Amino acid sequence: MAADGSRGVLGLWLLAAAGLCGGVAAGKSPSCHEVRTAFQLRQIGPLKLVPDVPTAESDLQICQHRAPTCCTKKMEESYQAAVRRERTQSIQALNFELKYMIVGHITAFQEAFESLLRFAENRTSSLFETAYRPMAKEAAEPVKELFTDISLYVLGAETTVESAVLRFFDSLFPLVYSRLINPGITVLSEDYTECLRLTRQDINPFGHYSKNMVTELSKSLWASRMLSQALNLGIEVINTTEHAALTKECSKALVKMQYCPHCQGLTLIRPCVGYCLNVMRGCLASVSELDAQWREYISTLEYLTNEMAASHDVEIALTGIWNSINEAILHAQLNGPQLSTTVDKVCGQPKQQEGNLSSDNIVPVKEATADTQAFVMAHASLNNRRREFINYMKRSRTFYASIAERLCDGDLVMRDSSTCWNGEDVVESYTSRVVSNGLKAQVNNPELKVRGLDPLISHLIDKLQHFNQLDAEKAKLKLERWASRDAGSGGGRSEELESSGDCDDEDGCQGSGDRIHTADIFKDKKTHPENRNEPKPTVKKIDTTTTTSTVKSSSKHSVTGNGSNPALSSSLVILTALAVLWHHPL
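Only a predicted model underlies this, so the values are computations on that prediction, with no experimental measurement involved.

### So, unusual backbone geometry
Thinking step 1. Of note, glutamine 43 is a non-glycine position whose phi angle comes to about 55°, a positive value.
Thinking step 2. Structurally, glutamine 43 can be placed in the loop between helix H2 (33–41) and helix H3 (73–130).
Thinking step 3. Even without glycine at this site, asparagine 204 takes up a positive phi of about 50°.
Thinking step 4. Tracing the chain through its elements places asparagine 204 in the loop between helix H6 (190–203) and helix H7 (209–242).
Thinking step 5. On the basis of relative accessibility, which here comes to 36%, the residue asparagine 204 falls in the partly exposed class.

### Remarks on the nonpolar core
Thinking step 1. Phe128, Leu318 and Met393 are the most contacted members of the largest nonpolar core, which totals 135 residues.
Thinking step 2. Per element, the largest residue contribution to this core is 17 residues, and it comes from H3.
Thinking step 3. Those residues in contact with phenylalanine 128 that lie beyond four places of it in its chain are Arg133, Met135, Ala136, Ala139, Val143, Phe168, Leu172, Ile325 and Ile329.

### What to know about the packing of H7 against helix H14 (residues 321–334)
Thinking step 1. Relative orientation of the contacting elements H7 and H14 amounts to 165°, with a least axis distance of 9 Å. Between H7 and H14, the crossing angle belongs to the class labelled roughly antiparallel. Note on packing geometry: the crossing formed by H7 with H14 is right-handed. Counted together, Tyr209, Met213 and Leu217 of H7 and Ile321, Ser324, Ile325, Glu327, Ala328 and His331 of H14 form the full contact between these two elements.

### Focus on helix H10 (residues 273–283)
Thinking step 1. Taking burial as the measure, the eleven residues of H10 include ten buried ones, the bulk of the element.
Thinking step 2. Listed in full, the buried residues belonging to H10 are Gly274, Tyr275, Cys276, Leu277, Asn278, Val279, Met280, Arg281, Gly282 and Cys283.

### Quick notes on the pattern of salt bridges
When the charged atoms of two side chains lie near each other, side chains of opposite charge can form a pair.
Thinking step 1. All told, the structure shown has 14 salt bridges when counted by the stated rule.
Thinking step 2. With a shortest N-O distance of 3.5 Å, arginine 36 and aspartate 52 are connected by a salt bridge. Pair noted here: arginine 36 is in helix H2 and aspartate 52 is in the loop between H2 and H3, with a separation of 16 residues, a long-range link.
Thinking step 3. Close ionic contact of arginine 281 with glutamate 405 constitutes a salt bridge, the shortest N to O distance being 2.5 Å. With arginine 281 in helix H10 and glutamate 405 in helix H17 (residues 403–407), the pair connects residues that are 124 residues apart, well separated along the chain.
Thinking step 4. Residue classification places glutamate 405 among the partly exposed positions, given a relative accessible area of 25%.
Thinking step 5. Shared partners join several salt bridges into a network, and the residues in it are Glu302, Lys394 and Arg397.

### Points about the confidence of the model for the protein
Thinking step 1. Predicted confidence across the protein gives a mean pLDDT of 75, with 68% of residues reaching 70 or more.
Thinking step 2. Predicted confidence is poor over residues 1–27, with pLDDT under 50, and the contacts of this stretch with residues over four places away or in other chains come to 37 contacts.

### Examining helix H4 (residues 136–154)
Thinking step 1. Between its first and last C-alpha atoms H4 spans 27 Å; for 19 residues at 1.5 Å apiece the expected length is 27 Å, and the two agree.
Thinking step 2. Close packing links the buried residues of H4 with H3, helix H5 (161–181), H7, helix H13 (313–319) and H14.
Thinking step 3. Positive phi appears at glycine 156, one or two residues downstream of H4, with a value of about 105°.

### Description of the side chain of threonine 319
Thinking step 1. Here threonine 319 lies in helix H13.
Thinking step 2. A distance of 2.5 Å separates the side chain of threonine 319 from the backbone oxygen of glutamate 315, its partner in a polar contact.
Thinking step 3. Engagement of the side chain of threonine 319 in a polar contact is seen with the backbone oxygen of isoleucine 316, the distance being 3.4 Å.

### Topic: the state of the cysteines
Thinking step 1. Applying the stated criterion across every chain yields a total of seven disulfides.
Thinking step 2. The side chain of cysteine 32 participates in a disulfide bridge whose partner is cysteine 70; the two sulfur atoms lie 2.1 Å from each other. With the S-S dihedral at roughly -90°, the linkage between cysteine 32 and cysteine 70 falls on the left-handed side. In this pair, cysteine 32 sits in the loop between helix H1 (2–22) and H2 while cysteine 70 sits in the loop between H2 and H3, placing the two residues 38 residues apart along the sequence.
Thinking step 3. Residue classification places cysteine 32 among the buried residues on the basis of a relative accessible area of 0%.
Thinking step 4. The buried category is assigned to cysteine 70, whose relative accessible area is 0%.
Thinking step 5. With its sulfur 1.9 Å from that of its partner, cysteine 63 forms a disulfide with cysteine 260.

### Observations concerning the packing of aromatic side chains
Thinking step 1. Summed over the entire model, instances satisfying the criterion amount to 15 aromatic pairs.
Thinking step 2. Taking the centre distance of 6.2 Å and the plane angle of 85° together, the rings of phenylalanine 173 and phenylalanine 206 count as edge-to-face. With phenylalanine 173 in helix H5 and phenylalanine 206 in the loop between H6 and H7, this pair connects stretches of sequence that are 33 residues apart.
Thinking step 3. Given a relative accessible area of 0%, phenylalanine 173 falls into the buried group.
Thinking step 4. Ring plane angle 65° and centroid distance 6.4 Å describe the contact between tryptophan 222 and tyrosine 303, whose orientation is recorded as edge-to-face. Of this pair, tryptophan 222 sits in helix H7 while tyrosine 303 sits in helix H12 (residues 291–309), placing them 81 residues apart in sequence. The burial state of tryptophan 222 is the same as that of tyrosine 303; both residues are buried.
Thinking step 5. Linked through ring pairs, Phe168, Phe169, Phe173, Tyr177 and Phe206 together constitute an aromatic cluster.

Calculation rules
Residues numbered from 1 in each chain as written. Predicted model: local features only at pLDDT ≥ 70, side-chain atom pairs only at ≥ 80, totals over all residues. Heavy atoms only, no water. Helix = DSSP H or I, 4+ residues; strand = E, 2+ residues; numbered from the N terminus. Buried < 20%, exposed > 50% of the residue type's maximum accessible area, 1.4 Å probe, protein only. Core = buried A, V, L, I, M, F, W, Y, C linked by side-chain atoms within 4.5 Å. Contact = heavy atoms within 4.5 Å. Axes fitted to C-alpha atoms, helices over the stretch in contact; angles between N-to-C directions. Parallel < 35°, antiparallel > 145°, perpendicular 65-115°, else oblique. Left-handed = near helix turned anticlockwise from the far one by under 90°. Salt bridge = Lys/Arg side-chain N within 4 Å of Asp/Glu carboxyl O. pLDDT = per-residue confidence, 0-100. Expected span 1.5 Å × (residues − 1). Polar contact = N/O pair within 3.5 Å; in protein donor to acceptor, adjacent residues only side chain to side chain. Disulfide = S-S within 2.5 Å. Phe/Tyr/Trp six-rings, centres within 6.5 Å; stacked < 30°, edge-to-face > 60°.

Written out as structure tokens, the structure is:
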């Protein structure tokens, strides 16, 4: 009975088609009215292209049929343009949510990082304005350049953390030498200043603190840089797949599937599911080849996100810059006599005036509490966004493996009807072989010939593969971690922040010392000393609330500040607030 019913429905479809094109139904004249209506509603082209009545069109290239047809060669060309447009729109619709999540996270990441960077820059500037006022004005530009270089590095510029930090200490040493170690120096000539800059690399006036600062920042900023690159690569993948060109074979197959039924007056019939899958898998064979690398990309993205969220490593490293600089300056002052002796031998003696230039001043001390609270709140929100983002991205692992199925879902195919279009006629079921996804499987595709991998997609796969080599680097980096920690230790902030446990990164260790050391990965030609003087754009600073405190400037060969260290006390406020956030997330 069911078979008889299906044959009855099929007979009705065929009778309707014959009546429309042959004029045998109820004595009506043959008409292409329904075809014209569909042509207009879908905005395929000008109505004048559609004939009023079926004709025996002989020059059709795609929708060839023995009976009179409502299609012309011009209509076929319009149909090809329509399927290209519709295919792009369909993929854009599938991509919309994925693209929205990635773009949204890029925006949130950049805003949060720039906010953190401004906060850290203001804290560093306040160090010079309070503890080292004699050199504060001249130190402002090197501080700006340091944080600009860090920002450029994270955003993907061809620079390194090492070159940024060493360039900063090159510029800082002449100021420390002439304003703190020897405050009697009146004016430094350009030649003498340059000699001091070059001498710094040999006499190492800042001890291990400059090296420790490179190590700490390299470890913490590496994941941020890679995440920024990963997010931009994700957008590139989406945009490329949205606008990948259709081959001629694909365009013809899509027209045959979607619009050739119209030529016979069958404007309501839809393709069979298997037929649609064959056509879409053939058209998207190159895109589906992204599947393996896309899955690996999601894993890499998850790893980088976890690296950043694990222990506020970026926040601790950036907000600790001013403490590292303070310790470096104190180290240079403590070794002032020896440095002076060495500099005198290499650069000669600069002009001096009797007495010194220091005096007691009432200077502003920037309050850390309010800024720290705002900073903690902002980054708690970012951590919540991170979790939401990576959970969504994990669900998109199979995006490119299932894209053909998703395009054939919904209104495009006939799922509940007993009849469908198989490319030639209305049938009860599609009987040809349905091939699987992937380029190799298309050799057996009965609907279209796939000639090879799209060059644009091939280039995209290579870029994803290159980026995903990060996974291969992780094992190497972990093996180097303990050696790098031993090499980078020796006192100061690095030792204080290192964890004493033997747990692994994935076990949730929170100490800064537990992070992967990556400074060596990013060393390149730009780290050479002669490349450290390139001009950099400046970063605007945000003013903060001020109170007052008395600071006594140092005399020759003295250590700045005889009481508690303002850098250390404010740093403890920041670290305490971050610890509270970590154990009690908002």
